[in-house]
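Chain by chain, the residues:
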Amino acid sequence: MPDPVVTVENLTMAYDGFVIQRDLSFEINRGDIFMIMGSSGCGKSTLLLHLVGLLAPEKGDIRYGSESLFRASSSERERLIRRIGVLFQSGALLSSMTLAENISLPLAEFTKLSSGKIRKIASYKLALVGLAGFEDYYPSEISGGMQKRAGLARAMALDPEILYFDEPSAGLDPISAKLLDDLIKNLRDSLGATVVVVSHELPSIFSIGTNSIFLDTTSRTSIASGSPKKLLQETKDPRVKRFLTRDSSG
Amino acid sequence: MNASPSWRLDLVDLKTVKLSLMGDWTLQYAEGQKVEDILIALSRFSRDSLFILDSSGLNKWDSALMVFLLEFVKTVNARSLNLDISGLPKGVLDLINLASEVPEREGSEKKKSSNDWLTLIGNAGGRLIQDGLRLTEFLGDSANSFRGFLFGRARFRAIDFWLQVQECGPSALPIVTLISLLVGLILAFVGAVQLALFGAQLYIADLVVLGMMREMGALMTAVIMSGRSGAAFAAQIGTMNVNLEISALKVMGFPPMDFLVLPRMLALVIVMPLLCIYSDLLGVIGGGLVSVAFFDIPVTQFLHRTAGAVHLADFFIGMFKATIFGALIALAGCARGMQCGRTASSVGDAATSSVVTAIVFIVVADSVITLVCDRLHI
């Protein structure tokens, strides 16, 4: 039975009156790995920024459970935001802090745990992403792929219900990208979290996506949704078909 | 419903001990649970027993349970006890596997540096020497690049140079105006009070014009510019370093010394003497205002004394200083920018250190020039 964690209703996104996408309506169900796909510049990342509350919608609403993200008071909103974790495209680790400090930051701020316990949790999160022993490294001292995994560890710091990923495999080699996909899937299965991924990497889309929405650049709205594998077989829309089959003709 | 986390040990049969986890093992409630307590309790049983974990009473769980279990499993394994964890929820088992999948890499643990004072002093000294060497190297590089410029081989865009001239020159006029006028005022006031004791107020003009031309004009402009342009150079070049722009320039065949440092250095070297002339003038006006308004010296007399007191040599000493200071500020700013690390905070450090370095350089250079002028009687 579908159990929507996030509901988007008639969302229109715009920068200074310039509409990026209009009339988006979809639901993200508990336990889904929800892919936001579309070609470059169609507004995927903008949609992510709206979903996590960093940008306000021009029109429409985003609800977490039954609570509206944008109509909530600032304290309610803070509580909602704490239920989500975000992995930004570049990892966005704070460069002046070690990996352990990066992960401890939200724990120290939002929980009443002792510093010893926080350190243990930070170590555990790093172990989950395969970075055991790298607690005292600075982000600049590790590779890009490792930074991304450390970013994931930080996104998971507060055991969020919903994890957002912005282009998780961008800039990674195919094997690292595959490992990261597996990791995302594993974490979803074991943590029972809901995962939302912005991506245009077909291998990721097909291997982990259980549901999706397809944003189109020219018509500036969503033109397809559903399980990516099913979409590939059933879609009649040539734009979606071309995207999913990497067809550059026409 | 929230139940505080707890555990219980039961003897199932002679050889089997059951460890049951109950309640909510969440970050919010599980703070007080210690692995050591269970271990002490376990030690009451025979070492050959089979220990099984039971989670049927477990309600909610999150990272708190995971941290607890990982530590527990690790210590129990280290004591080579017989442990069966299959009774845990599937999610927990998956996470335990995931967390132990990639073992800690050999040697990834960082070495803690020693903290005794001798090491600290040694390290500080080492850094100072290294810093001096790097600055010297940078000076050499920029001289090299300047030679290339003289022979028309330097690769930079003229527009960059003019932009820097605009940024360092006209844009700095308001702050230079304010500071110079006030410095002139201060010089006149401090001097006049003393000179008035001998009834020699008329000599305020000499004091102000000589003070501004030989010393204060160049010095104050340099201090302003090191805070304004020097810090800006360090921050601009430092940010480019963070974004890998410097590397991009290098591989495209633009030596950053030519492309970034040279236009900035030329701009400051050209603009500084001009700003200094302006500052001298404003300082004299400031001094004149005080003389006329507070010490009843007629305007014409002030101008007459001013013209009589100053020689061309004084003016050129000031110009010379300003030029040298300009080069030093650009050097400090660009060098700190180029040495900037790859993190956000290192850009801030570069800007701070560029100002400190520039001011130290300026004061040292000023002392040397003043001393040399005194020896040469100019």
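See the structure printed just above.
Residues numbered from 1 in each chain as written. Chains lettered and ligands numbered in written order. Predicted model: local features only at pLDDT ≥ 70, side-chain atom pairs only at ≥ 80, totals over all residues. Heavy atoms only, no water.

## Structural notes on the overall build of chain B
- In terms of regular secondary structure, chain B is built from twelve helices and four strands.
- Within chain B, buried positions represent 42% of all 378 residues.
- Counting only contacts in chain B whose residues sit at least 6 apart along the sequence, the fraction spanning at least 24 positions is 80%.
- For chain B, the exposed surface amounts to about 20000 Å²; the carbon and sulfur share of it is 65%. (Helix = DSSP H or I, 4+ residues; strand = E, 2+ residues; numbered from the N terminus. Buried < 20%, exposed > 50% of the residue type's maximum accessible area, 1.4 Å probe, protein only. Contact = heavy atoms within 4.5 Å. Areas by Shrake-Rupley, 256 points an atom, 1.4 Å probe, with all protein chains shown as cover.)

## What about unusual backbone geometry?
- Of note, the phi angle at A:E167 is positive, near 45 degrees, even though the residue is not glycine.
- Relative to the helices and strands, A:E167 resides in the loop between β7 (162-166) and α6 (174-191).
- The phi angle at B:D296 is positive, at roughly 55 degrees, despite the residue not being glycine.
- On the accessibility criterion, B:D296 (67% relative accessible area) is exposed.

## Structural notes on the packing of aromatic side chains
Residue and element names in this part refer to chain B.
- Taken as a whole, this structure holds eleven aromatic pairs over all chains when the rule is applied.
- Residues F189 and F295 carry aromatic rings whose centres are separated by 6.3 Å and whose planes lie at 70 degrees to one another, so their mutual orientation is edge-to-face. With F189 in helix α6 (residues 173-196) and F295 in the loop between α9 (256-294) and α10 (299-309), this residue pair connects regions lying 106 residues apart in the sequence.
- According to the relative accessible area criterion, F189 is partly exposed, its value standing at 33%.
- The exposure class of F295 is buried, given its relative accessible area of 19%.
- An aromatic cluster of three or more residues is present, and its members are F146, F149 and F156. (Phe/Tyr/Trp six-rings, centres within 6.5 Å; stacked < 30°, edge-to-face > 60°.)

## Here's the deal with the pairing of strand β1 (residues 6-13) of chain B
Residue and element names in this part refer to chain B.
- As paired elements, β1 and strand β2 (residues 16-25) share seven bridges and run antiparallel to each other. Within β2, the residue paired with S6 across the bridge is M22.
- With antiparallel pairing between neighbouring strands as the criterion, β1 and β2 make up a hairpin whose turn holds two residues. (Pairing = 2+ DSSP bridges.)

## Focus: helix α12 (residues 344-375) of chain B
All names here are of chain B.
- Taking 1.5 Å per residue as the helical rise, α12 with its 32 residues ought to reach 46 Å, and the 47 Å between its terminal C-alpha atoms agrees with that figure.
- For α12, the full list of buried residues reads S346, V347, A350, A351, S354, T357, A358, I362, A365, D366, I369 and C373.
- Residues of α12 that are buried in the fold lie against α4 (117-150), α7 (204-242) and α11 (312-338). (Expected span 1.5 Å × (residues − 1).)

## With respect to the sheet that holds strand β8 (residues 194-198) of chain A
Residues and elements named next belong to chain A.
- Pairing is mixed in the open sheet, where six strands are placed in the order β6-β7-β8-β3-β9-β10. Of all the strands in the sheet, the pair left with one neighbour each is β6 (84-87) and β10 (222-225). Strand-to-strand twist across the sheet, computed as the mean angle between neighbouring axes with direction ignored, equals 15 degrees.
- For β7 and β8, the ladder comprises five bridges, and the chain directions are parallel. The residue bridging F165 from the neighbouring strand is V197, located in β8. (Axes fitted to C-alpha atoms, helices over the stretch in contact; angles between N-to-C directions.)

## Structural notes on the interface of chain A and chain B
- Counting residues at the interface gives 28 residues for chain A and 27 residues for chain B.
- Counting each side, the surface lost to burial between chain A and chain B is near 2400 Å², with a carbon and sulfur contribution of 61%.
- It is A:K117, A:Y124 and A:S190 in chain A that bury the most area against chain B; as a group they hold 24% of the surface buried on that side.
- Where chain A packs against chain B, one counts one salt bridge.
- In this structure, A:K120 engages B:E71 in a salt bridge whose closest nitrogen and oxygen atoms are separated by 3.1 Å.
- Our count for the contact surface shared by chain A and chain B stands at three residue pairs in polar contact (both at pLDDT 80 or more).
- Tallying contributions element by element places helix α4 (residues 115-128) of chain A first for the side of chain A that touches chain B, with seven residues.
- Tallied by class, residues from the side of chain A that touches chain B come to 14 nonpolar, eight polar and six charged. (Buried area = accessible area lost by both parts, 1.4 Å probe. Salt bridge = Lys/Arg side-chain N within 4 Å of Asp/Glu carboxyl O. Polar contact = N/O pair within 3.5 Å; in protein donor to acceptor, adjacent residues only side chain to side chain. Nonpolar A, V, L, I, M, F, W, Y, C, P; charged D, E, K, R; others polar.)

## Some details on the layout of surface pockets
- There is about 990 Å³ of room inside the largest pocket.
- Surrounding the largest pocket, 27 residues form its lining, A:L158, A:D159, B:T26, B:Q28 and B:D62 being those nearest its centre.
- Secondary-structure elements contributing two or more residues to the lining of the largest pocket are α6 of chain A together with β3 (50-61) of chain B.
- Residues that form the lining of the largest pocket fall into these classes: nine nonpolar, seven polar and eleven charged. (1 Å grid on protein atoms, 1.4 Å probe; cavity = no way out; pocket = protein on both sides within 12 Å on 5 of 7 lines; lining within 4 Å. Points joined across faces, edges and corners; volume = space filled by probe spheres on them.)

## A closer look at the pattern of salt bridges
- Inspection of the entire model under this criterion finds 23 salt bridges over all chains.
- The partner of B:K321 in a salt bridge is B:E215, with the nearest N and O atoms 2.9 Å apart. Of this pair, B:K321 sits in helix α11 while B:E215 is found in helix α7, placing the two residues 106 residues apart along the sequence.
- Of the residues examined, B:E215 reaches a relative accessible area of 22% and is grouped as partly exposed.
- Across the salt bridge formed by B:R375 and B:D374, the nearest N and O atoms sit 3.9 Å from each other.
- Judged by its relative accessible area of 46%, B:D374 falls in the partly exposed class.
- Through salt bridges with shared partners, a single network forms among A:R30, A:R83 and A:E161.

## Section: the packing of α6(B) against α9(B)
All names here are of chain B.
- Axis separation between α6 and α9 bottoms out at 7 Å; the angle between their running directions is 40 degrees. Relative to α9, the element α6 is oriented oblique. Of the two possible hands of crossing, α6 and α9 adopt the one that is right-handed. Along the contact surface, α6 presents L173, V176, T177, S180, L181, G184, L185, A188 and F189, while α9 presents L275, Y278, S279, L282, G283, I285, G286, G287, V290 and F294. (Parallel < 35°, antiparallel > 145°, perpendicular 65-115°, else oblique. Left-handed = near helix turned anticlockwise from the far one by under 90°.)

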